[in-house]
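Here is what each chain is made of, one letter per residue.
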Amino acid sequence: MASELTFIMVKPDGVQRGLTGEIISRFERRGFKLVNLKMVHASKEHIEKHYEDLAGKPFYPGLVKYMSSGPVVAMCWAGKDVVKQGRILLGATNPLASSPGTIRGDYAIDVGRNICHGSDAVESAKKELELWFGQEAAGIQYERAIDQWVYEN
Ligand code: UDP
Ligand code: MG
């Protein structure tokens, strides 16, 4: 079975709005496997590192302030094609362009308050998991009895 990993995060607005459970549920119900989770109130420096590729963008200072303004829920999810599928579950970056049925399309309006993050590629997932989980980047190893009902083989 494929064991691709992705980094998914409930942003401070998602936590404040009580949407953590809803976001987790959507990944669980799809069949993906939660292999790590923690609540963190990240420092400005940590967020700057997470979003280093966006440094220089006009929205970057506001983004760093928003993302370090309160606790986030950092997660590692595992499963077949989970990086790409995770982005589909989240919806488009701008919630106004996100389809209903996606997390952002159902629960958010402004791009600067889009409630969740998901890695955009397998390589960035690896980097982000290392940044947020360090030595536990690979997550917790455990068997799930339901996997025979989620995967054909
Ligand atoms: N963002 C913003 N204004 C923009 C573009 C992005 O505030 O015009 C924020 C938004 O919260 C987004 C984050 O910056 O989720 C990271 O941007 P990216 O392009 O990586 O989007 P994502 O991967 O989160 O969909
Ligand atoms: Mg991104």
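Thresholds, definitions, all that
Residues numbered from 1 in each chain as written. Chains lettered and ligands numbered in written order. Predicted model: local features only at pLDDT ≥ 70, side-chain atom pairs only at ≥ 80, totals over all residues. Heavy atoms only, no water. UniProt positions renumbered as here; feature names shortened; annotations may be inferred. Near = heavy atom within 4 Å. Polar contact = N/O pair within 3.5 Å; in protein donor to acceptor, adjacent residues only side chain to side chain. Areas by Shrake-Rupley, 256 points an atom, 1.4 Å probe, with all protein chains shown as cover. Nonpolar A, V, L, I, M, F, W, Y, C, P; charged D, E, K, R; others polar. Helix = DSSP H or I, 4+ residues; strand = E, 2+ residues; numbered from the N terminus. Contact = heavy atoms within 4.5 Å. Core = buried A, V, L, I, M, F, W, Y, C linked by side-chain atoms within 4.5 Å. Buried < 20%, exposed > 50% of the residue type's maximum accessible area, 1.4 Å probe, protein only.

- Naming follows an unreviewed UniProt entry, where the chain appears as Nucleoside diphosphate kinase of Jaminaea rosea.
- Quoted verbatim from the Sequence similarities (unreviewed entry) field of UniProt, the annotation for the chain is "Belongs to the NDK family."
- What UniProt states about the chain under its Catalytic activity (unreviewed entry) heading is, verbatim, "a 2'-deoxyribonucleoside 5'-diphosphate + ATP = a 2'-deoxyribonucleoside 5'-triphosphate + ADP".

## Some details on the site of ligand 1
Okay, step 1: The full set of residues close to ligand 1 is Lys-11, Tyr-51, Leu-54, Phe-59, Leu-63, Arg-87, Thr-93, Arg-104, Val-111, Gly-112 and Asn-114.
Okay, step 2: The separation between an oxygen atom of ligand 1 and a polar side-chain atom of Lys-11 is 2.9 Å.
Okay, step 3: Between ligand 1 and Arg-104 there is a distance of 3.3 Å, counted from an oxygen atom to a side-chain nitrogen or oxygen.
Okay, step 4: For ligand 1, the protein covers 76% of the area, taking 500 Å² as the surface of the free molecule.
Okay, step 5: Taken together, the residues of the shell around ligand 1 sort by class into 5 nonpolar, 3 polar and 3 charged.

## A few points about the UniProt feature "active site" (unreviewed entry) in the chain
Okay, step 1: Under the present numbering, the feature "active site" (unreviewed entry) in UniProt falls on His-117.
Okay, step 2: The residue His-117 is located in strand E4 (residues 116-118) in this model.
Okay, step 3: Among all residues touching His-117, those that are not within four sequence positions of it are Phe-7, Ile-8, Met-9, Lys-11, His-50, Tyr-51, Leu-90, Arg-104 and Glu-128.

## Focus: the nonpolar core
Okay, step 1: Phe-7, Ile-47, Met-67, Trp-132 and Phe-133 are the most contacted members of the largest nonpolar core, which has 19 residues in total.
Okay, step 2: Elements represented by at least two residues in this core include exactly strand E1 (5-10), helix H4 (60-67), strand E3 (72-78) and helix H7 (122-133).
Okay, step 3: With 5 residues, H4 is the largest single contributor of residues to this core.
Okay, step 4: Listed in part, the 18 residues of the second largest apolar core include Phe-32, Trp-77, Val-82 and Cys-116.

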